[in-house]
Amino acid sequence: SLQPVILAGGSGTRLWPASRQLHPKQFLPLLGKESLLQQTLRRLEGLDHETPLVICNEEHRFLAAEQLRQCGLENAPILLEPEGRNTAPAIALAALHATHEGNDPLLLVLAADHAIANTTAFQTTVVNAVVLAQEEWLVTFGIVPTKPETGYGYIQQGEPLGSKGYAVRRFVEKPDVATATSYLEQGDYLWNSGMFLVRASAYLRELEQHEPSVLQACREALPESGAGADDIYPFIRLNGEAFTHSPDISVDYAVMERTGKAAVVPMDAGWSDVGSWSALWEIGEQDASGNVIRGDALADDVQDSLIDSGRQLVTCIGVKDLIVVATPDAVLVASRHHVQEVRRLVDELKNRG
Ligand code: GDD
Ligand code: MG
């Protein structure tokens, strides 16, 4: 059966001021009552799988533990990184942990911060990918692209592999906008969804070949036996000094762009990377004027805007294409077309100290 691995160590900068260092977006209830992490776990219900393994920053261990407990997963292990080194090492830790006792499961690697509208289609697609993963393919899930988004990986579809998937001819992580546009025109590219199905040993083998220093650091960082003895929570702690020797690199650059063993299974499940406020506006419940309103807000002659009022009253008059997000100590007002720059703004704030 499948071993879910939930990557929950990102910072979600572009969703500031809701997403904060101490409370990043995967732990926030951005699309319903439960957090994105919890929705990710719920999405597995009904699928034949082992207890999920969550990997996140040490700083967020109690948030993660509490949210898992609310999903009835109080005994699920949580692997804690002293500092994030991106997804290539995070998945390596999961693969090493999973193979500790001579097992070699298929890892279903999921981002903790995606929205997927159609759970059944998601699960069916995962099941469709199992045979390829058993044959040692590193399976990606491909999404039909709709715009030249530069924040995604692009997968060029190659020869069919059986009836469900294709070999990957080319994988390009985060191309520039001109390149992305040309891929869209070409028509044989899919977006990388950022979810993977891989046999643990197959991933480790490819990592060894393409980015051995990541593997070495992770081997040295992982403790011999499972959870720390004096924790009441099932935390797995690393040798922090060893782990920081790992390069900071994503699985996309470290493995997927370089391997000859990548496959892609198309997924049509209403997937969205909840990356920015405009993405939240797109997938949110829009009223007749195209507004997504969360909390207590009064909008008069307002169109195509997202207003998230937090705990205070927010009022808007005569505006269009606006993002307004109010939290107790910070307010964001941005054009819906400039929300990618929130990242830069947060960097500036950090520099101000
Ligand atoms: N544990 C851990 N440690 N998790 C991490 C770390 C880390 O250091 N860094 C990121 N993550 C988690 C994030 O929380 C997220 O759930 C997932 O790993 C992916 O990381 P992102 O930082 O969000 O990646 P991205 O969005 O830039 O790009 C990836 O996803 C795209 C689709 O959303 C790539 O796989 C792209 O190719 C893909 O198109
Ligand atoms: Mg992402």
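Residues numbered from 1 in each chain as written. Chains lettered and ligands numbered in written order. Predicted model: local features only at pLDDT ≥ 70, side-chain atom pairs only at ≥ 80, totals over all residues. Heavy atoms only, no water.

A. How the structure looks around unusual backbone geometry. With omega at 5 degrees, the peptide bond leading from Trp16 into Pro17 counts as cis. Secondary-structure assignment places Pro17 in the loop between β1 (2–7) and α1 (36–42). The phi angle at Asp304 is positive, at roughly 45 degrees, despite the residue not being glycine. Residue position: Asp304 is located in the loop between β14 (297–300) and β15 (306–308). On the accessibility criterion, Asp304 (21% relative accessible area) is partly exposed. Within the chain, Asp321 stands out as a residue other than glycine whose phi angle is a positive 55 degrees. Structurally, Asp321 is set in the loop between β16 (314–317) and β17 (322–327). (Helix = DSSP H or I, 4+ residues; strand = E, 2+ residues; numbered from the N terminus. Buried < 20%, exposed > 50% of the residue type's maximum accessible area, 1.4 Å probe, protein only.)

B. Molecular detail of the nonpolar core. Counting residues in hydrophobic clusters, the biggest one holds 51 residues, and the most contacted among them are Leu108, Phe141 and Leu197. Among the elements that take part in this core, helix α4 (residues 119–134) stands out by supplying 7 residues, more than any other. Not counting the four nearest positions on each side in its chain, Leu197 is found in contact with Leu2, Leu106, Leu107, Leu108, Val126, Ala129, Val130, Ala133, Trp137, Leu138, Val139 and Phe141. Within the second largest apolar cluster, 44 residues are counted, among which are Leu96, Tyr203, Cys218 and Ala262. (Core = buried A, V, L, I, M, F, W, Y, C linked by side-chain atoms within 4.5 Å. Contact = heavy atoms within 4.5 Å.)

C. Structural view of the sheet that holds strand β13 (residues 292–294). A sheet is described by the order of its strands in space; here 4 strands give the open sequence β13-β15-β17-β18, paired in mixed fashion. Each edge of the open sheet is held by one strand with a lone partner, namely β13 and β18 (330–335). Neighbour-to-neighbour, the strand axes of this sheet turn through a mean angle of 5 degrees, independent of strand direction. Sheet analysis places β15 next to β17, joined by 3 bridges and oriented parallel. Residue Ile307 lies in a different strand from β17, and its bridge partner there is Val324. (Pairing = 2+ DSSP bridges. Axes fitted to C-alpha atoms, helices over the stretch in contact; angles between N-to-C directions.)

D. The arrangement of the site of ligand 1 in detail. Taken together, 25 residues are adjacent to ligand 1, and Glu173, Lys174, Asn192, Asp252 and Asp273 come closest. Gly10 is positioned such that a nitrogen or oxygen atom in its backbone is 2.8 Å from an oxygen atom of ligand 1. Within the backbone of Arg85, one N or O atom sits 3.3 Å away from an oxygen atom of ligand 1. Tallying contributions element by element places strand β9 (residues 189–199) first for the shell around ligand 1, with 3 residues. Among the residues forming the shell around ligand 1, the class breakdown is 8 nonpolar, 10 polar and 7 charged. (Near = heavy atom within 4 Å. Polar contact = N/O pair within 3.5 Å; in protein donor to acceptor, adjacent residues only side chain to side chain. Nonpolar A, V, L, I, M, F, W, Y, C, P; charged D, E, K, R; others polar.)

E. Seen up close, the side chain of Gln3. Within the fold, Gln3 resides in strand β1. Leave out the neighbours within four places in its chain, and Gln3 touches Glu50, Thr51, Pro52, Leu53, Pro105, Leu106, Leu107 and Leu108.

F. Representation of the state of the cysteines within the structure. The tally for this structure, following the rule as stated, stands at 0 disulfides. In this structure Cys218 is not part of a disulfide, and its nearest cysteine sulfur, from Cys56, lies 16 Å away. Among the residues examined, Cys218 registers a relative accessible area of 0% and is labelled buried. (Disulfide = S-S within 2.5 Å.)

G. Geometry of α4. Between its first and last C-alpha, α4 extends 23 Å over 16 residues, near the 22 Å set by a 1.5 Å rise per residue. At Asn128, α4 is deflected by roughly 25 degrees, the largest bend along its length. Along α4, the residues classified as buried are Ala121, Phe122, Gln123, Thr125, Val126, Ala129, Val130, Leu132 and Ala133. Structurally, the start of α4 carries an N-cap: the backbone nitrogen of Thr120 is 3.2 Å from a side-chain oxygen of Asn118. One or two steps after α4, the chain reaches Glu136, where phi turns positive at roughly 75 degrees. (Expected span 1.5 Å × (residues − 1). Bend = angle between axes of the 7 residues up to and from the residue.)

H. Seen up close, the pattern of salt bridges. Scanning the model with the defined rule gives 15 salt bridges in all. Residue Glu83 is joined to Arg85 by a salt bridge in which the shortest nitrogen-to-oxygen separation is 3.3 Å. Look at Arg85 and you get buried, because its relative accessible area is 16%. Notably, a salt bridge pairs Arg336 with Asp321, separated by 2.6 Å at the nearest N-O pair. (Salt bridge = Lys/Arg side-chain N within 4 Å of Asp/Glu carboxyl O.)

I. Highlighting the packing of helix α3 (residues 87–98) against helix α7 (residues 212–221). Remark: α3 packs on α7, axes separated minimally by 9 Å, with the N-to-C direction vectors making an angle of 50 degrees. Comparing their axes, α7 and α3 come out oblique. Between α3 and α7 lies a crossing whose hand is right-handed. Across from Ala88, Pro89, Ala92, Leu93 and Leu96 in α3, the residues of α7 making contact are Val214, Leu215, Cys218 and Arg219. When grouped by side-chain class, the residues that make up the contact of α3 with α7 number 8 nonpolar, no polar and 1 charged. (Parallel < 35°, antiparallel > 145°, perpendicular 65-115°, else oblique. Left-handed = near helix turned anticlockwise from the far one by under 90°.)

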